[in-house]
Structure formats: C-alpha cells, structure tokens
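Secondary and tertiary structure notes
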Amino acid sequence: MKLVFSIVHHDDAQTVTQTLTKSGFTSTRLSTSGGFLMARNITLMIGVDEGKVQTVIDIIRDCCHSRKELISPSEDVNYGYYPTMPVEVVVGGATIFVIDVERFEHV
Ligand code: 2BA
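The notes below deal with the structure included here. (Residues numbered from 1 in each chain as written. Predicted model: local features only at pLDDT ≥ 70, side-chain atom pairs only at ≥ 80, totals over all residues. Heavy atoms only, no water.)

1. Quick notes on the site of the ligand
Neighbouring the ligand are the residues Ile7, Gly34, Gly35, Phe36, Leu37, Asn41, Val90, Val91, Gly92, Thr95 and Phe97. A distance of 2.7 Å separates an oxygen atom of the ligand from a polar atom in the backbone of Leu37. Protein chains shield 51% of the accessible area of the ligand, which is 760 Å² for the free molecule. Mapped onto the shell around the ligand, the elements with two or more residues apiece are β5 (87–91) and β6 (94–100). Each residue belonging to the shell around the ligand can be placed in one class, and the counts come to six nonpolar, five polar and no charged. (Near = heavy atom within 4 Å. Polar contact = N/O pair within 3.5 Å; in protein donor to acceptor, adjacent residues only side chain to side chain. Areas by Shrake-Rupley, 256 points an atom, 1.4 Å probe, with all protein chains shown as cover. Helix = DSSP H or I, 4+ residues; strand = E, 2+ residues; numbered from the N terminus. Nonpolar A, V, L, I, M, F, W, Y, C, P; charged D, E, K, R; others polar.)

2. Considering the pattern of salt bridges
In total, this model carries four salt bridges according to the counting rule given. A salt bridge links Lys2 to Asp100; the nearest nitrogen and oxygen atoms lie 2.2 Å apart. Placement of Lys2 in strand β1 (residues 2–9) and of Asp100 in strand β6 is noted, with a sequence separation of 98 residues between them. For Lys2, a relative accessible area of 15% gives the class buried. Here Asp100 falls in the exposed class, since its relative accessible area comes to 59%. For Asp12, the salt bridge identified is with Arg67, shortest N-O distance 2.9 Å. Separated by 55 residues along the polypeptide, Asp12 in helix α1 (residues 10–22) and Arg67 in strand β4 (residues 67–71) bring together distant segments of the chain. Relative accessible area serves as the criterion here: at 3%, Asp12 is assigned to the buried category. The partly exposed category is assigned to Arg67, whose relative accessible area is 21%. (Salt bridge = Lys/Arg side-chain N within 4 Å of Asp/Glu carboxyl O. Buried < 20%, exposed > 50% of the residue type's maximum accessible area, 1.4 Å probe, protein only.)

Shown next, in the form of structure tokens:
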C-alpha cells in the first residue's frame, strides 16, 4: 500500500478528484497553501495499492496544467527579499510524493 500526496492547483482539483473517483480511486482533499506564493492550493491524499500508483500519477498528470503566475512586488510573498519588478513563476502541473504505508485499516 502506498499513499500518494499530490499538491495541485486549486483550478485543477475538481477535475482530478472527479477523474480519480470515476476510475475507482478514493481521495481526500486538504486545503493548503504554498510556502512561496502563499497562494491557495489543494493537497490530495490517495491511498492505493502499489501496482496502481502509476495509474494515479498518469491521471494527475493528464488533469493538471502548468501556469505562469505573475506576482506583483506588493503582494505578500515569502521571497525573503523585496523585489522591485513583478516576478513570473511557473506553477504546476502537480507536485507528487509517494510514501510507503506501514499499515492501513478502515474500521
Ligand atoms: P509554492 O511554494 O507557493 O510555490 C509556487 C511556485 O513558485 C513553484 O511552483 C515554483 O515555480 C515557484 N517557487 C517555489 N519556491 C521557490 C523559490 N524558493 N524560488 C523561486 N521560485 C520558487 P511548483 O514547483 O509547481 O510548486 C507548486 C506548489 O507545490 C508549491 O507552492 C508548494 O505548495 C508545493 N511544493 C512544491 N515543491 C514542494 C516540496 N519539495 N515540498 C513540499 N511542497 C512542495
């Protein structure tokens, strides 16, 4: 058993979760925000048999798109410095962690 954590853009989250559900995967959505942009994103937790991990990753890849975001210097961004020009960053498609699960119980 593996636990897939995937941080996805807020605008992609519904498509990902609907596609996962239609494909027979259970997921849990957590409302999160990135430490750099401080923007809202969604972290999905998906418990899955090891042999299905690649299917889950493929679904996430198909549903998540990368975007350019322009951050104005006045916004509350965690740069550690104060830029004088707008900063462009590419966000996503998705950031994925796959973690071993020692034990899984659904009681
Ligand atoms: P944020 O931390 O808000 O980062 C948003 C985007 O800003 C990143 O997109 C990246 O393009 C840029 N960025 C982040 N840190 C940077 C830095 N120190 N200098 C310059 N640019 C930086 P993504 O890489 O697609 O990440 C999207 C979100 O995924 C992140 O939001 C964060 O919530 C999560 N994430 C990414 N890598 C992670 C990691 N290693 N551990 C935990 N969460 C991660």
